[in-house]
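Here are the chains, one letter per residue:
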Amino acid sequence: MSAGLFNRVSDALLGLIYPRRATCMGCGSRTGFPRDWLCEDCRQALSSRWVGAGRPPEGGLFKGAAYAYHYGGPAGGLVRNLKYQGVTRLAAGMGRSMASVFALIQPTGADCVAPVPMHPKRLRERGFNHAALLARAAGDRLELPMADALKRVRNTRQQARLPDDARRANMAGAFELQMDVKGKRIVLVDDVCTTGATANACAKTLLDGGAEAVYLLCYAVAGEENRGA
Ligand SMILES: [Zn+2]
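Presented here is an overview of the structure given in this document.

The protein atoms that coordinate the zinc ion are C24 (SG), C27 (SG), C39 (SG) and C42 (SG), at distances of 2.3 Å. Expressed as a motif, the donor residue spacing for the zinc ion is C-x2-C-x11-C-x2-C. Note on C27: relative accessible area 46%, which makes it partly exposed.

What follows is the structure, given as C-alpha cells:
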C-alpha cells in the first residue's frame, strides 16, 4: 500500500470513528470535536466575551441596544465564516444567542425584526444577506416577524477600511424605506456593530419614516470594549 493510499484509508477510518471531527468555526482548528460548531477552547472563550444589554451607538437614535458578544476571538471567526465563507447554517445558533440578549433591552416586545439591507449588486455576488439570516433566526425565537423595512440604495464602500467621519459620510443617504413603518417598534439587526455609522443611518431612515422606536440587536460589538454595560 502506498503512503498516499494509506493516509486516505486511515483518514476515512478516523472519519468513521470520529464522525464529529470537523473544523472549529471559531479558530479553524481541526483538533477539537465541535459542539455548536466550536471547539471547547472557543466555547469557553466565547462565554467570557458575552455582552448583553449594551450602549447604543452615539446619536441618541436607538431606544436600546443588545449585543451577544464582544467581537474578535471565536465571535469573529463565526461572523467571518457566516459572511465570507457562506457557512449559512451558523446563523441559527448565532440568532439564538441574539434572541437571548434581546429580552434585556426590550421586555415589552416589539413589532418586527428588520435586517440591515445589502445593496442588490452585493446581494447577487454573495447570494445571501447574512443580517437577514440572523434576523430571521432571532425573530423565529422571539416570535417576531421579519420585515424588509429598508433597502440599500447606494453601494457603499467597505466601511471597515474607512476612518470614523468618512464612515458617516459614506452612509448618508445609503438607505430608503420600502414599507410603511409608521408607529412601529422595530428591532434593527446586524452582524457586527463597529462605530454604529451603518446602524445610525438605518435608524434615522426608520425614524424619519415615522417609526415609534428603534432598537439595535447585533451578534457582536467591536471597537470599544466598554460598549457592553
Ligand atoms: Zn476553536
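Mapped onto the elements of the fold, N200 is located in helix α8 (residues 197-208). A relative accessible area of 16% places N200 in the buried class. At 2.8 Å, the side chain of N200 and the backbone oxygen of E58 are in polar contact. Not counting residues within four places of it along the chain, the set of residues in contact with N200 comprises P57, E58, L61 and F62.

A separate point is the nonpolar core. The biggest cluster of nonpolar side chains holds 36 residues, and the ones touching the most others in it are L78, M94, V187, V189, L217 and Y219. Listing elements by their share of this core, those giving two or more residues are α2 (40-47), β2 (64-70), α3 (73-83), α4 (91-102), α6 (130-142), β6 (185-193) and β7 (213-221). Residues from two domains meet in this core; each of domain 1 (1-48) and domain 2 (51-227) gives at least three. Not counting residues within four places of it along the chain, the set of residues in contact with L217 comprises A66, M98, V101, F102, A138, L142, V187, L188, V189 and D190. Counting residues in hydrophobic clusters, the runner-up holds 28 residues, among them Y67, L150, V181 and A197.

Basis of the calculations
- Residues numbered from 1 in each chain as written.
- Predicted model: local features only at pLDDT ≥ 70, side-chain atom pairs only at ≥ 80, totals over all residues.
- Heavy atoms only, no water.
- Donors = N, O, S within 2.8 Å, 3.2 Å for Na, K, Ca; no water.
- Buried < 20%, exposed > 50% of the residue type's maximum accessible area, 1.4 Å probe, protein only.
- Helix = DSSP H or I, 4+ residues; strand = E, 2+ residues; numbered from the N terminus.
- Polar contact = N/O pair within 3.5 Å; in protein donor to acceptor, adjacent residues only side chain to side chain.
- Contact = heavy atoms within 4.5 Å.
- Core = buried A, V, L, I, M, F, W, Y, C linked by side-chain atoms within 4.5 Å.
- Domains from an automatic or database assignment.

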